[in-house]
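Structure assessment
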Amino acid sequence: MIYWEIFLAFFIPGIVGYGGGPATIPLIEYEIVHRYGWMSIEEFGEVLALGNALPGPIATKMAGYIGFEQAGILGATIGLFATIAPSLILMIILLSVLQRFKKSPKVKQLSTIVRPTIAVLLGAMTVRFVETSYLDSGWLQTGFIVIVSYFLMEKRKVHPALVILGSLIYGAIFLR
């Protein structure tokens with residue numbers, strides 16, 4: 001019974017809490033504190049603070065911790081799965097629909113229209129990153145990293161993760 005309760009405690013907020021993290025916190029709090037009584041509000045606040053201190057999505061960290069506290073490793077696994085299940089199910093359904101109609105002229109037109117929009121959004125994000133880098137490190141460092149990164153990824157075909165790792169090492173050595 002506890003496993004089913006853990007599943008519901010995280011699955012329901014995942015379905016109802018549109019927008020993820022911050023939108024689901026009050027829903028998770030209701031399930032954990034008020035519905036099942038697994039924690040007090042103070043304890044939940046401490047778990048929330050701990051979850052905010054660690055990298056990654058907060059709902060999955062809370063699900064893992066609370067699930068483990070209630071039912072060990074299996075409880076943590078069920079809590080994590082219940083948190084990602086709504087998105088996973090929706091993605092599978094939408095992808096199967098898209099796959100079914102991939103040869104449709106309307107779907108092809110939709111894809112053609114969406115691509116430039118995504119390119120503009122990525123370009124705008126890149127500009128903001130470059131501006132932030134300039135403000136933090138100056139043009140010389142920013143320009144150097146941009147040029148070297150472009151050369152490594154486009155001309156030498158180095159994996160982006162290795163370029164990011166190299167940039168982190170460069171920053172740790174040569175920047176404050």
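One structure accompanies this document, and this report is about it. (Residues numbered from 1 in each chain as written. Predicted model: local features only at pLDDT ≥ 70, side-chain atom pairs only at ≥ 80, totals over all residues. Heavy atoms only, no water.)

Brief notes about the packing of helix α3 (residues 41-53) against helix α4 (residues 58-100)
The line we're drawing: Comment: axis = line fitted to C-alpha atoms, over the contacting stretch for helices; angle = value between 0 and 180 degrees taken between N-to-C directions. Counting from the N terminus, the helices are the DSSP runs of H or I reaching at least four residues and the strands are the DSSP runs of E reaching at least two. To sort the angles, those under 35 degrees are grouped as roughly parallel, those over 145 as roughly antiparallel, those from 65 to 115 as roughly perpendicular, and the leftovers as oblique. Each crossing gets its handedness from the near helix: less than a right angle anticlockwise from the far helix is left-handed, clockwise is right-handed. Residue contacts follow a heavy-atom distance rule, with two residues in contact if any of their heavy atoms lie within 4.5 Å.
For the pair α3 and α4, interaxial distance at closest approach is 9 Å and the crossing angle is 130°. Considering the angle they form, α3 stands oblique to α4. You can see that α3 and α4 cross each other, and the crossing is right-handed. In this structure, α3 contributes F44, V47, L48, G51 and N52 to the contact, and α4 contributes I58, K61, M62, Y65 and I66.

What about the nonpolar core?
Counted only if it meets this: We define the nonpolar core as a collection of buried residues of types Ala, Val, Leu, Ile, Met, Phe, Trp, Tyr and Cys that are connected through side-chain atoms lying within 4.5 Å of one another. Relative accessibility under 20% of the residue-type maximum defines a buried residue, over 50% an exposed one, and the middle range a partly exposed one, all with a 1.4 Å probe and only protein chains included.
Among the nonpolar cores identified, the biggest contains 24 residues, and F10, I32, W38, F44, M62 and I66 are the most heavily contacted of them. Sorting the residues of this core by element identifies α1 (2-16), α2 (21-35), α3 and α4 as the ones contributing at least two each. Per-element accounting of this core gives the leading share, nine residues, to α4. Sequence-distant contacts of F44, that is, excluding residues within four places in its chain, are made with I25, I28, E29, I32, V33, M39, M62 and I66.

Some points on helix α6 (residues 139-155)
As a reminder, the rule being used: By this rule, a helix spans an expected 1.5 Å times one less than how many residues it contains. Comment: arc refers to directions from the helix axis out to C-beta atoms.
With 17 residues, α6 extends 23 Å from end C-alpha to end C-alpha; this agrees with the ideal 24 Å at 1.5 Å per step. Every buried residue of α6 is listed here: Q141, T142 and S149. Considered in projection along α6, the buried side chains sweep an arc of 95° and stay on one side of the axis. Across α6 from its buried face, at more than 90 degrees, point the exposed residues W139, L140, I147 and K155. The inward-facing, buried residues of α6 abut α5 (105-137) and α7 (160-174).

Digging into the packing of aromatic side chains
Note the cut-off: Any two rings among Phe, Tyr and Trp, with Trp reduced to its six-membered ring, count as a pair given centres within 6.5 Å; such a pair is stacked if its planes are under 30 degrees apart, edge-to-face if over 60, and tilted if neither.
Scanning all chains against the criterion turns up seven aromatic pairs. Ring centres 5.0 Å apart and planes at 15° place the aromatic pair F7 and F11 in the stacked group. Taken together, the residues span about one helical turn, with F7 and F11 both in helix α1 at a distance of four residues. The residues F7 and F11 share a single accessibility class, namely buried. Aromatic side chains Y36 and W38 sit 4.8 Å apart centroid to centroid with 15° between the ring planes, which places their arrangement in the stacked category. Here Y36 falls in the buried class, since its relative accessible area comes to 19%. The class for W38 is buried, based on a relative accessible area of 16%. An aromatic cluster is defined as three or more aromatic residues linked by ring pairs; in this entry it consists of W4, F7, F11 and F81.

Function cannot be inferred from these measures alone, as they are strictly geometric.
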